[in-house]
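# Summary of structural features
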Amino acid sequence: MSDMDNIIHEPKERQNVHYYFDQMSGVWVKMPISWEQHHEFVKPIVKQIKETCPAWSDKYDIIASLRASNYDLDDCIATYFTIGDTGVMDMPDRYPGGNAAMVKEKEDKIRSLEAKLTKLKSDYEEACRVNKVILEENEKSLSELRKLRDQLSESEIEAKTAHLRVVSMQQERPMTARPMTARPGTSRTRRPKTPEIETAPPEPEVLTLQCEPEPEVGPVIDDETLKAVNKDVKEVDKMNKSLKHLVKTGFEDLKQLTQQAMGGLKQLRSLDTNTSSELENIKVLYRKECLQRKILYNKIQELRGNIRVFCRCRRDDRVECSLQFPTDHEIQCTNPAGGVKKYKFDRVFTPKSTQDEVFTEVMPIITSCVDGYNVCLMAYGQTGSGKTYTMMGPSDNPGVNLRAVTELLKICNEREKIRYTLKVSLLEVYNENLQDLLTDKDSPNLDIRMQGKRLLVQGLTDVVVRNVDDIQAVMAKGDANRTTAATKMNSTSSRSHLLLMIFVEGVDTVSNATSYGSLTLVDLAGSERIAKTGATGQTLVEAAAINKSLTSLGQVFTSLRTNALHVPYRNSKLTHLLQSSLSGDAKACLFVNVSPDAENISESISSLSFGSNARQVALGKATQNVTKGQ
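Report follows, based on the coordinates. The model shown is predicted, which means the values in this text are computed figures rather than measured ones.

## Things to note about the overall build of the protein
When you go through the protein residue by residue, the secondary structure sums to 16 helices and 21 strands. In the protein, which comprises 630 residues, the share counted as buried stands at 39%. For the protein, restricting intrachain contacts to residue pairs at least 6 apart in sequence, the fraction spanning at least 24 positions comes to 66%. Surface summary for the protein: the accessible area is close to 38000 Å², and the carbon and sulfur share equals 52%.

## Focus: helix H10 (residues 400-414)
The first and last C-alpha atoms of H10 sit 21 Å apart over 15 residues, in line with the 21 Å expected at 1.5 Å per residue. Of all 15 residues in H10, 11 are buried; the element is thus mostly enclosed. Where H10 is concerned, the buried positions are Val400, Asn401, Leu402, Arg403, Ala404, Val405, Glu407, Leu408, Leu409, Ile411 and Cys412. Taken together, the buried residues of H10 touch helix H8 (355-367), helix H9 (387-391), strand S11 (418-430), helix H11 (468-481), strand S18 (497-508) and strand S19 (514-523).

## Structural notes on the nonpolar core
Counting 49 residues, the largest nonpolar core has Phe557 and Leu582 as the members making the most contacts within it. The dominant element in this core, judged by the number of residues it contributes, is helix H13 (residues 538-561), at 6 residues. Setting aside chain neighbours within four positions, we find phenylalanine 557 in contact with Ile307, Met378, Leu582, Phe610, Ala614 and Val617. Within the second largest apolar cluster, 41 residues are counted, among which are Ile366, Leu422, Ile471 and Ile502.

## Some thoughts on the pattern of salt bridges
Under the definition given, this model contains 11 salt bridges. One salt bridge in this structure joins aspartate 123 and lysine 119, with 3.1 Å as the shortest N-O distance. In this pair, aspartate 123 and lysine 119 both sit in helix H6 (residues 99-172), 4 residues apart, roughly one turn of the helix. Judged by relative accessible area, which is 26%, aspartate 123 ranks as partly exposed. Overall, lysine 119 belongs to the exposed group, its relative accessible area being 53%.

What counts, and at which threshold
Residues numbered from 1 in each chain as written. Predicted model: local features only at pLDDT ≥ 70, side-chain atom pairs only at ≥ 80, totals over all residues. Heavy atoms only, no water. Helix = DSSP H or I, 4+ residues; strand = E, 2+ residues; numbered from the N terminus. Buried < 20%, exposed > 50% of the residue type's maximum accessible area, 1.4 Å probe, protein only. Contact = heavy atoms within 4.5 Å. Areas by Shrake-Rupley, 256 points an atom, 1.4 Å probe, with all protein chains shown as cover. Expected span 1.5 Å × (residues − 1). Core = buried A, V, L, I, M, F, W, Y, C linked by side-chain atoms within 4.5 Å. Salt bridge = Lys/Arg side-chain N within 4 Å of Asp/Glu carboxyl O.

In structure tokens form, the structure reads like this:
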């Protein structure tokens, strides 16, 4: 006895686990892998994986991968191809050990790169540490040298001051002073006798004798004072020479430390360059692995014929975006109850994405109609979520429609050996009626007919386009005739489903073979909630017709996803027109447009769930429509 039980490992994620009831112990026990591969739920999934990946023959490995990917088929297959390389299809020949050998080689390579990166980081940190120590020593030496320089300056000032004092004292001694002489036999000195002044003979008059004043004698400096001053001067000079020697030695040490620092910086730059080169190589290898994974995944999707689903969030600067974008393939939202849910798509475009980025992603799918494939691209979402902007766009920044036709004309003109004819038709599904938008008068009753695998609309106008001017004229005329109305959610809400149908016929002038391709670009009217849009009267009737046709489209996707015996294409005019694009002979792509406003989170979750279910639809491999020449 077994059962599929859901265990919540984290509040934000639900994990699927197989259990069986053990009657002996009376408890639920996790099912072994050897038992699980025979379970009714797992057997078809394993079979589909083995059909998609013939080289993957280990059932135990498949079950383990399914468990790890939460039984998500696409995630399981993507995981398998992620650990492979371009030779994954011939894995048994290239890897005699099978999957384990390939995984071991990848792990060894990763470990080697990680070890090399760790060593580079360690060398880088050691060089930074050494350089830091050298810089600190330099700072310390500079500080000491500054102190020595200040001391030297003070010593020089003191030496100059002492020298000036000596000179000044020597200059203050009288130049005319004579040395004192000692008397014979004694040690006492005496002043020299002043010479006597001769006088003239007395005259009758009394004369006054006048003598020259004796010069003043300055302070006397003895030998002891001179010796002390001389000793001080010598000490100052000695200190000056010592300081000069210290400064010279310090500058030499600083020069050596500077040279070491420069060498450390050069080594650091070299290590930084090598580290940057190694990191760049690792990034290149990672991007290469991602590109290989994407190419292989796209090939698998093309072989299975899965509908490619892209999600685009509208840019609205008036509100704060309530959605998160963890990766280029995931979008995360929080429901009103507080639960967090992630959705995976082939590509997720953020509000900052441009029209060029969107068209670049879908261009390979669109341009394949030139080679004889039928291609269909639809835009789905609530009203006001940016569907018409994505498909039509303004005149100065056109959307997918105008860019697609322009690119098709460019490709047709580049292929000189093939003569192409491009015909364009534009119609809308309004209140379950088909209306031709390229005619000025009221459209007659258009009828849908299937001619083999091709869908024909009798009475529909088709216009041959040869250049960009023809395209713009057709698009302008169709846009002017389209039905719109103002609602509370959108001032120019589309009240109909718009279909731009492009038919490409090419004749090879060498082989005379003829190819027939078609491109159907669908701008679906927005799903509406009457309580929010405030639709009344005729607008209410239009809203009912829109919701009915979108419900029919959802029923078609559900039938295709579950491989139902009957697919209700004729439940509405819209699904009837898309029958040739969804019946297994075309490449299909779906844009899910969502609003960033938290007020519209319920509608956004509904649109994301619709796109997630559509991504599980496998239409089968598309075929070319080519007839050989006579």
